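Residue strings, one per chain:
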There are 2 protein chains.
Amino acid sequence: MIAVDRPIAVDAMGGDHAPAAVVEGALRAAADGIDVLLVGREGEVRAALAATDASEEARARVQVAHADDVVAMDVRPREVKRRETASVRVACRLVAEGRASAVVSAGNSGATLFASVLELGTLPGCDRPAITTTLPRVDGGELVLLDVGASVDCRADHLATFATLGEAWARVLGIDPPRVGLLSIGGEPGKGNRLVREAHPLLEALPLDYVGPVEPDAAFAGACDVLVCDGFSGNVLLKTTEGVVSMLRHHARRRILESRRAQVGAWFMQGALQRLREDLDWRERGGALLVGSPAPVVVAHGRSDAKAVRAAVRLAHYAHDGGLVGAVASRLAPPRDGGAGSTAAVGGASAPSDGP
Amino acid sequence: MIAVDRPIAVDAMGGDHAPAAVVEGALRAAADGIDVLLVGREGEVRAALAATDASEEARARVQVAHADDVVAMDVRPREVKRRETASVRVACRLVAEGRASAVVSAGNSGATLFASVLELGTLPGCDRPAITTTLPRVDGGELVLLDVGASVDCRADHLATFATLGEAWARVLGIDPPRVGLLSIGGEPGKGNRLVREAHPLLEALPLDYVGPVEPDAAFAGACDVLVCDGFSGNVLLKTTEGVVSMLRHHARRRILESRRAQVGAWFMQGALQRLREDLDWRERGGALLVGSPAPVVVAHGRSDAKAVRAAVRLAHYAHDGGLVGAVASRLAPPRDGGAGSTAAVGGASAPSDGP
């Protein structure tokens, strides 16, 4: 099996703390037994490698591929079109050439998306890949949410594609069969905006367990396993989650600091609070995963530290090893034009919008 | 000043726990010194009044106005068009007739919206009223969010109107001058969906302190005082907040129950946790407020108990007493057709969509 031996291509230059945090995180993933191909300016990457205290065993799993150019965090994603030697494009190209199995980047997320579509195309039958992430539910389960930013303006048929993509990924995650919901603001099909009302019958027609429109609070309560939405709404939901967690943490701290008694209580609760923090730590989750692409692409948070990069590499490895791409491909309808789909679509109407 | 003496019209038949909880809540508000006019089936309302143990002083502030009909929680909002004697329509009509100063209903929120537009119209220069609510921020301040469901499909100029409405309400709340943000998924104007990109220059042109596109997590952190969005996104944001609070509470409980030590800690923290719960209790916030209407209309939660109804009546009273309508009217541009605006628009393109 050649596939098992191909490394994960990691954009060593992407992210607020690159290359040091990326290299350190990649080495931690290597210590877990995952082969990694670091892509970036070779001198800088090798210097960062030398600065770590990783074991020889971990180092032996890490290779370096040179790429001249770096896409900054703040450039417009479509810039990557003319930046052929940018690390994120080279990382994707190495996958297209069969030299790596999946891609991880903590760089400009819109640029990563563009680079993947340019170099890898999309799976036949999928004209819009989606970015998916998971959120913890009330019942201890996980909610697969998509799209969270690849396509901010969607048509109803895009949402139907997302339902298929998300359902396949949920199966790879071991949820069988996944219940799929459509993000809305009421449980009845007549509520929601125009997009939701148009998408509802399309989702009803799909061969999957569609439970209908689902409100965000119901989704957190466990009404579905996969929640489908346009990239704007999904990103709003995701960032609201981050905002509320942070708001609650601050309010709790303020209330505790007001009372000596509560401070004693907090001391006793240290362990439980630490475990709660880990339950919710985005750095444990490895970032967002692009589905609909011919290889797993993990879009890690720009402010990823080594811990987050390690989780991102593990996520890419899990998606590859679990057969994400095969699972998605087998569930997608054949492309309507009978052609091969894939890179022909690049740069046309199906190129991703400038995501977050 | 006749205005000061006019009571708040309360739809006694609206809500999951009507009329008992509504009557009880209205009496609590009356005990705070607010005059209330209960609107509903007189026999049922008087029976509910008799069943309470309110003081004679509170009872003296409560009157009853009869209305035959009741709009159920699950009917389509436009049903209220032909339900002229429904309690929510009569409540709005009493305001239009100058017999009450503001309206409160915990009934079908879409129907309340429709009833208010039918009976009261909208302020000149405002073709779309918006529903607003406030959320607690990280910094201890309050975030005014609108629209949260009156208009699920918006044009860019509607968002500009919402900015004006929200800014005026924030001033009544004592925030001066309020910083207004446009909900988006990136801080730069080029990000966001088509609606956001179109609305941005319109908001820039308004005579208010517009801080640009704001992401949800940044809004919770305090980047703005007023956050403007379409009713679908706003409702998603609001219900995500509820979902995350509930999810965190369950995760925290699970982590505490796992450990004896944490249970001891929780015992010491009881008081602080209770205060934290109150910080976040929607029942303390009184529900959502319709702005852009010629009188304050409070859309209370369907599952309101007496505590929530009392807060809703207090909110209506505060908005009326604080001069919300005058503040909004003075900031709205005159209507483009030079006419009086108002009820002429009812039932036409500007009627609210079926909200949540």
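Residues numbered from 1 in each chain as written. Chains lettered and ligands numbered in written order. Predicted model: local features only at pLDDT ≥ 70, side-chain atom pairs only at ≥ 80, totals over all residues. Heavy atoms only, no water.

Enquirer: Tell me about the relation of the copies chain B and chain A, and name the residues and values.
Expert: Structural alignment of chain B on chain A gives an RMSD of 0.1 Å, achieved by rotating through 180° and translating 0.0 Å along the axis. The relationship between the two copies is best expressed as a two-fold rotation axis. Relative to the rotation axis, the C-alpha of G265(B) is the closest in chain B, positioned 1.9 Å from it. Most of the interface of chain B is mirrored in chain A, where 100% of its interface residues are also at the interface. (Least-squares fit on C-alpha atoms with pLDDT ≥ 70 in both. Contact = heavy atoms within 4.5 Å.)

Enquirer: Explain the pattern of salt bridges to me, using residue names and the numbers behind them.
Expert: Should the charged atoms of two oppositely charged side chains come close, the side chains can pair. For the structure shown, the criterion picks out 49 salt bridges over all chains. Taking the shortest distance from any N to any O, the salt bridge between R83(A) and E79(A) comes out at 2.9 Å. E79(A) gets classed as partly exposed once you look at its relative accessible area, which sits at 23%. Note that D157(B) is salt-bridged to R155(B), the shortest N-O span being 2.9 Å. A single salt-bridge network, built from bridges that share partners, covers D69(A), E79(A), R82(A) and R83(A). (Salt bridge = Lys/Arg side-chain N within 4 Å of Asp/Glu carboxyl O. Buried < 20%, exposed > 50% of the residue type's maximum accessible area, 1.4 Å probe, protein only.)

Enquirer: Account for the packing of helix α10 (residues 231-257) of chain A against helix α10 (residues 231-257) of chain B, naming residues and giving values.
Expert: Contact pair α10(A) / α10(B): the axes reach a minimum separation of 9 Å and the direction vectors enclose 40°. By the angle between their directions, the pair α10(A) and α10(B) is classed as oblique. In the crossing of α10(A) with α10(B), the sense of the turn from one axis to the other is right-handed. On the side of α10(A), the interface is formed by F232(A), S233(A), V236(A), L237(A), T240(A), T241(A), V244(A), V245(A) and L248(A), while α10(B) contributes F232(B), S233(B), V236(B), L237(B), T240(B), T241(B), V244(B), V245(B) and L248(B). Partitioning the contact of α10(A) with α10(B) into residue classes produces 12 nonpolar, 6 polar and no charged. (Axes fitted to C-alpha atoms, helices over the stretch in contact; angles between N-to-C directions. Helix = DSSP H or I, 4+ residues; strand = E, 2+ residues; numbered from the N terminus. Parallel < 35°, antiparallel > 145°, perpendicular 65-115°, else oblique. Left-handed = near helix turned anticlockwise from the far one by under 90°. Nonpolar A, V, L, I, M, F, W, Y, C, P; charged D, E, K, R; others polar.)

Enquirer: Residues and numbers for the packing of aromatic side chains, please.
Expert: For any pair of aromatic rings, the description rests on two quantities: the centre-to-centre distance and the angle between the ring planes. Summed over all chains, the structure comprises 5 aromatic pairs over all chains. Measuring from ring centre to ring centre gives 6.3 Å for W169(B) and Y318(B), while their planes differ by 75°; the resulting arrangement is edge-to-face. Here W169(B), found in helix α7 (residues 156-172), pairs with Y318(B), found in helix α12 (residues 306-321); they are 149 residues apart in sequence, far enough to count as distant. Given the relative accessible area of 3%, W169(B) is considered buried. Between the aromatic rings of W267(B) and F268(B), the centroid separation amounts to 5.2 Å while the plane-to-plane angle is 80°, which identifies the pairing as edge-to-face. Take W267(B): its relative accessible area is 47%, and that puts it in the partly exposed class. In this structure an aromatic cluster arises from ring pairing among W267(A), F268(A), W267(B) and F268(B). For the cation-ring pair, R261(A) lies above W267(B), with the distance from its terminal atom to the ring centre recorded as 4.6 Å. (Phe/Tyr/Trp six-rings, centres within 6.5 Å; stacked < 30°, edge-to-face > 60°. Lys NZ or Arg CZ within 6 Å of the ring centre and 35° of its normal.)

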